[in-house]
Amino acid sequence: MDENILSAISTVGFPIVVSCYLLVKFQATLDSFSNKVDELILELRNGYYYFNRPDNAA
């Protein structure tokens, strides 16, 4: 494992290796965040339509 990392660093450079590592490492976090934002959008839409129904008018 260490030999592969050192080989990649010497071949493509340290910044590229770090960037690729961070992209792979944070992919699950980004997917989870995206799912939570989608859920929030749905909840906001449901709340908007619930409070703006004609039967809720004062």
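All of these numbers come straight from a predicted model, not from anything done at the bench.

S.K.: What exactly am I supposed to notice about the packing of helix α1 (residues 2-12) against helix α2 (residues 14-25) here?
M.R.: Packed helices, taken two at a time, are described by the angle between their axes plus the distance between the axes. Their axes nearest at 7 Å, the elements α1 and α2 cross at an angle of 125°. When the interaxial angle is binned, α1 and α2 end up oblique. Contact residues: α1 offers Ala8, Ile9 and Val12, while α2 offers Phe14, Ile16 and Val17.

S.K.: Is there a simple way to explain the confidence of the model for the protein in this structure?
M.R.: Low-pLDDT portions of the prediction should not be read for the details of their coordinates. For the protein, the average pLDDT comes to 82, and 90% of its residues sit at 70 or higher. When pLDDT is averaged over each helix and strand of the protein, the minimum, 80, is found for α1 and the maximum, 87, for helix α3 (residues 27-51).

S.K.: Is there a simple way to think about α2 in this case?
M.R.: Since there are 3.6 residues in each turn of an α-helix, residues three or four apart along the chain are aligned in direction. End to end, α2 covers 16 Å across 12 residues, agreeing with the expected 16 Å (1.5 Å per residue, within 8%). Counting buried residues along α2, only 0 of its 12 residues qualify, which leaves the element largely exposed.

Calculation criteria
Residues numbered from 1 in each chain as written. Predicted model: local features only at pLDDT ≥ 70, side-chain atom pairs only at ≥ 80, totals over all residues. Heavy atoms only, no water. Axes fitted to C-alpha atoms, helices over the stretch in contact; angles between N-to-C directions. Helix = DSSP H or I, 4+ residues; strand = E, 2+ residues; numbered from the N terminus. Parallel < 35°, antiparallel > 145°, perpendicular 65-115°, else oblique. Contact = heavy atoms within 4.5 Å. pLDDT = per-residue confidence, 0-100. Expected span 1.5 Å × (residues − 1). Buried < 20%, exposed > 50% of the residue type's maximum accessible area, 1.4 Å probe, protein only.

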